2 protein chains.
Amino acid sequence: MRKDSRLSRMLHVLVHLHQLQQAVTSDQLALMLHTNPVVVRRTMSLLREQGYVSAVKGHGGGWTLAKPLHEITLLDIHRSLSESSLFTIGLTDEHNNCPIEKAVNLAIDDVLQEAEALVLQRFGEVTLDKLAAGYIPR
Amino acid sequence: MRKDSRLSRMLHVLVHLHQLQQAVTSDQLALMLHTNPVVVRRTMSLLREQGYVSAVKGHGGGWTLAKPLHEITLLDIHRSLSESSLFTIGLTDEHNNCPIEKAVNLAIDDVLQEAEALVLQRFGEVTLDKLAAGYIPR
DNA sequence: TTTTATGTAACTTATGATGTTTCTTAATGT
DNA sequence: ACATTAAGAAACATCATAAGTTACATAAAA
């Protein structure tokens, strides 16, 4: 399955925006991400809607941070991007009455929910200024 | 992204094979899973290669368990099915020298690896006989 | 008014599980 | 022997979604 690399890309962009301290165009960001400016706008607009970045049109325009990095967590950006599940694993027909199928799905879902809670908690613990300073793994 | 429901489907099948105590054809399993027999063979063959089920051709043939349920864990089946990642989240160009990108990917990967380890550990703790008996969530 | 840059719609591509058709191979029953 | 049953396997279509692309509208500054 194709991976969703938007979180990685957006974090990368946000830290650069902080360091450059000036408006950066979608074309410039696209070069940085090895993609094209429409993909940049499409993804960045989700962060704009949540108030993490601002966009200005016309000469000298582009994207700037709307909040300092220490006020943004990985969880904030993750939530801005995805409504879809974190896992590639899915369950089967939940409208089925087979008790075995229900037990199977319950067991899998139980584990995935615990893992998702862990991911969200860890993402919430990391502010973006920690990435700018050079992230140190646990 | 389309979800991978093979784990859910295969666990369901294995518990039924245990309860039926006789060879079950791919056609019968396909009815049970609301799919078709080719999909069943394709997925079950991965479990056969790992020694969890046996297949017999011809009259009276079909699929049977090759190991008792208490000797099979969710992890065993998960490993038999997937070489691909558990997560829909992916990282960007790892051949890039940008230190910010590296820090971002390290931070995300750190969290995902911890979560994946948790999933694998939990899957390894659950044997399939627990599903047959009616799984009780934590 | 020209240039620059975002905003947006519409369409194509890539990926991998799933679905489907068709044929081959092997084992059993008559 | 021959028909039937069932797995094995190849080839191709479908689906969903991020990503990529093209084209044009809108707004702001030179």
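Residues numbered from 1 in each chain as written. Chains lettered and ligands numbered in written order. Predicted model: local features only at pLDDT ≥ 70, side-chain atom pairs only at ≥ 80, totals over all residues. Heavy atoms only, no water.

Focus: the interface of chain A and chain B
As a measure of interface size, the accessible area lost when the parts come together is often cited. With 49 residues of chain A at the interface, the matching set in chain B holds 49 residues. For the pair chain A and chain B, the summed buried surface comes to about 4,600 Å²; carbon and sulfur atoms form 68% of the total. On the chain A side of the contact with chain B, Ile89(A), Ile100(A) and Glu114(A) bury the most area, a combined 13% of that side's loss. Our count for the contact surface shared by chain A and chain B stands at 2 salt bridges. Among the secondary structure elements, those contributing two or more residues to the side of chain A that touches chain B are helix 1 (6-20), helix 4 (74-81) and helix 5 (99-125) of chain A. For the side of chain A that touches chain B, a count of residues per class yields 26 nonpolar, 13 polar and 10 charged. (Contact = heavy atoms within 4.5 Å. Buried area = accessible area lost by both parts, 1.4 Å probe. Salt bridge = Lys/Arg side-chain N within 4 Å of Asp/Glu carboxyl O. Helix = DSSP H or I, 4+ residues; strand = E, 2+ residues; numbered from the N terminus. Nonpolar A, V, L, I, M, F, W, Y, C, P; charged D, E, K, R; others polar.)

Details of the relation of the copies chain A and chain B
Rotating chain A by 180 degrees about the axis while translating it 0.0 Å along that axis superimposes it on chain B, leaving an RMSD of 0.1 Å. Look at the turn and shift together and you get a two-fold axis relating the two. Judged by C-alpha distance, Phe87(A) is the residue of chain A that lies nearest the rotation axis, at 2.3 Å. Same-surface contact between copies: 100% of interface residues of chain A are shared with the interface of chain B. (Least-squares fit on C-alpha atoms with pLDDT ≥ 70 in both.)

Regarding unusual backbone geometry
Residue and element names in this part refer to chain A. Phi at glutamine 21 is positive, roughly 60 degrees, even though this residue is not glycine. Structurally, the position occupied by glutamine 21 is in the loop between helix 1 and helix 2 (26-33). One non-glycine residue, histidine 34, lies in the positive phi region at around 55 degrees. Here histidine 34 lies in the loop between helix 2 and helix 3 (37-49). Its relative accessible area of 53% is what places histidine 34 among the exposed residues. (Buried < 20%, exposed > 50% of the residue type's maximum accessible area, 1.4 Å probe, protein only.)

A word on the environment of Thr64(B)
Note that Thr64(B) resides in strand 2 (residues 62-65). As for Thr64(B) and Ser8(B), which are separated by 56 residues in sequence, their C-alpha atoms are 18 Å apart.

Overview of the side chain of His78(B)
Inspection of the secondary structure puts His78(B) in helix 4 (residues 74-81). Owing to a relative accessible area of 9%, His78(B) belongs among the buried residues under this scheme. If we skip the residues at most four places from it in the chain, His78(B) touches Ile89(A), Leu7(B), Leu86(B), Leu120(B) and Phe123(B).

A few points about the packing of helix 2 of chain A against helix 3 of chain A
Residues and elements named next belong to chain A. Two elements in contact, helix 2 and helix 3, have axes whose closest approach is 8 Å; the angle formed by their N-to-C orientations is 100 degrees. Between helix 2 and helix 3, the interaxial angle falls into the category roughly perpendicular. On helix 3, the residues touching Ser26, Asp27, Leu29, Ala30 and Leu33 of helix 2 are Pro37, Val40, Arg41 and Met44. By residue class, the composition of the contact of helix 2 with helix 3 is 6 nonpolar, 1 polar and 2 charged. (Axes fitted to C-alpha atoms, helices over the stretch in contact; angles between N-to-C directions. Parallel < 35°, antiparallel > 145°, perpendicular 65-115°, else oblique.)

Re the pattern of salt bridges
For the structure on display, the rule yields 6 salt bridges over all chains. For the salt bridge of Glu114(A) with Arg122(B), the shortest nitrogen-to-oxygen distance reads 2.7 Å. Separated into two different chains, Glu114(A) in helix 5 and Arg122(B) in helix 5 (residues 99-125) make up a pair that spans both. Each member of the pair, Glu114(A) as well as Arg122(B), carries the same accessibility label: buried. Through salt bridges with shared partners, one network takes in Glu114(A), Arg122(B) and Glu125(B).

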